[in-house]
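# Close look at the chain arrangement
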Amino acid sequence: MNQKKNILKQDIGINQRIPISILEMALLAELQGNATSDYFRELVSTEYQGQNRIGKAVTVINRLTKKNPLMPYLMENKDRVELMLRNKPNRTLLFTAVICSAYCFGYDVVSLLGKYFHVQDIVTTDLIRQKMAEKYGSNRSLPNALYCILPMLIEAKLLERPESGVYKVLKVSKATEEAIDVYKQSFLLNNPTMTENDFIDTFPYFEFIIK
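Report follows, based on the coordinates. As the structure is a computational prediction, the values presented were derived from the model and not from experiment.

Rules used throughout
- Residues numbered from 1 in each chain as written.
- Predicted model: local features only at pLDDT ≥ 70, side-chain atom pairs only at ≥ 80, totals over all residues.
- Heavy atoms only, no water.
- Helix = DSSP H or I, 4+ residues; strand = E, 2+ residues; numbered from the N terminus.
- Buried < 20%, exposed > 50% of the residue type's maximum accessible area, 1.4 Å probe, protein only.
- Polar contact = N/O pair within 3.5 Å; in protein donor to acceptor, adjacent residues only side chain to side chain.
- Contact = heavy atoms within 4.5 Å.
- Salt bridge = Lys/Arg side-chain N within 4 Å of Asp/Glu carboxyl O.
- Phe/Tyr/Trp six-rings, centres within 6.5 Å; stacked < 30°, edge-to-face > 60°.
- Axes fitted to C-alpha atoms, helices over the stretch in contact; angles between N-to-C directions.
- Parallel < 35°, antiparallel > 145°, perpendicular 65-115°, else oblique.
- Nonpolar A, V, L, I, M, F, W, Y, C, P; charged D, E, K, R; others polar.
- Pairing = 2+ DSSP bridges.

### Thoughts on the side chain of Ser186
With respect to the element layout, Ser186 can be found in helix H11 (residues 177-190). Residue Ser186 is classed as buried on the basis of its relative accessible area of 0%. Among the polar contacts listed, one links the side chain of Ser186 to the side chain of Tyr205, at a separation of 2.7 Å. For Ser186, the contacting residues outside a window of four places in its chain are Leu70, Ala97, Ser101 and Tyr205.

### Re the pattern of salt bridges
Under the definition given, this model contains 8 salt bridges. Of the charged contacts in the structure, one is a salt bridge between Glu47 and Arg17, with a shortest N-O distance of 3.3 Å. Taken together, the residues Glu47 in the loop between helix H3 (37-45) and helix H4 (51-64) and Arg17 in the loop between helix H1 (2-10) and helix H2 (20-31) connect sequence positions 30 residues apart. With relative accessibility at 39%, the residue Glu47 sits in the partly exposed group. When the shortest N-O distance is used, the salt bridge between Asp126 and Arg129 registers 3.2 Å. Placement of both Asp126 and Arg129 in helix H9 (residues 125-136) is noted, with a separation of 3 residues, approximately one turn of the helix. Here Asp126 falls in the exposed class, since its relative accessible area comes to 54%. Through salt bridges with shared partners, a single network forms among Arg17, Glu47 and Glu155.

### A look at the packing of aromatic side chains
Applying the stated criterion to the full structure yields 11 aromatic pairs. Each ring, one from Tyr183 and one from Tyr205, has its centre 4.4 Å from the other, and the planes form 10°; the classification is stacked. Here the residue Tyr183 occupies a position in helix H11, and Tyr205 occupies one in the loop between H11 and strand S5 (209-210), the gap between them amounting to 22 residues. Each member of the pair Tyr183 and Tyr205 is classed as buried. Between Phe187 and Phe206 the ring centres are 5.3 Å apart and the planes differ by 55°, which places this aromatic pair in the tilted class. With a gap of 19 residues between them, Phe187 in helix H11 and Phe206 in the loop between H11 and S5 connect regions that are remote in the sequence. Across the pair, Phe206 and Phe187 agree in class, each one buried. Pairwise contacts between aromatic rings join Tyr107, Tyr183, Phe187, Phe203, Tyr205 and Phe206 into one cluster.

### Quick word on the packing of H2 against helix H7 (residues 88-102)
Where H2 contacts H7, the axes come no closer than 12 Å and their chain directions differ by 80°. The orientation of H2 with respect to H7, classified from their angle, is roughly perpendicular. Mapping the contact onto sequence places Ile20, Leu23, Glu24 and Leu27 in H2 and Arg91, Leu94, Phe95, Val98 and Ile99 in H7. Considering only residue class, the contact of H2 with H7 consists of 7 nonpolar, no polar and 2 charged.

### A short note on the sheet that holds strand S3 (residues 166-169)
Pairing in this open sheet of 3 strands is antiparallel, and the strands run S1-S3-S2 from one edge to the other. What marks the edges here is a single partner per strand, and that holds for strand S1 (122-124) and strand S2 (159-163). With strand direction ignored, the average angle separating the axes of adjacent strands in the sheet is 35°. Where S2 meets S3, 3 bridges bridge the pair, whose relative direction is antiparallel. Residue pairing for S3: Glu163 is matched across the bridge by Val166. With respect to the sheet, H9 is in contact with S1 and S3, its orientation differing from that of S1 by roughly 65°.

Right, dumping it as structure tokens:
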């Protein structure tokens, strides 16, 4: 039991928020074959100071881009992905997919939010923390990770925070099928025993999309 909890705690992974503007530049660099550790370090140096924080941010960017299991799919469709970045609803789905493919913790947060947004208009930080602790345990890493993930989802325009500790959904409408497909791929990466034939659109992860 304790061993299982320790494994889940390690799975949280993310310990530094990355602004979406920086993630976009890093993603484009990776798609275009121009991504290097030095370039990533330059990017995060515009946002953070101190070698420790910069180092953490570079590690997170690497996981979001180079080491992201979604990246092979994005590379195969890189021309379409670059076009997605010019469209607001597509950007939301793309960035959310990138975050949730890199970090199962992010996927779990989005799925949890989708579950509660299906039946209520707002979700509080306390509720998110309580429900996530049931899987990941109550420890210092949990609120830190939420502080990383939730602001990124707000910047990606998946959520809004009308007041401190309160979140509302921003439904994504008029996204292209290509962007929805990327989002579906991020779901399948987190659910490897499933396929698109399993009516995956009914899962809470897809609560944010209006077709």
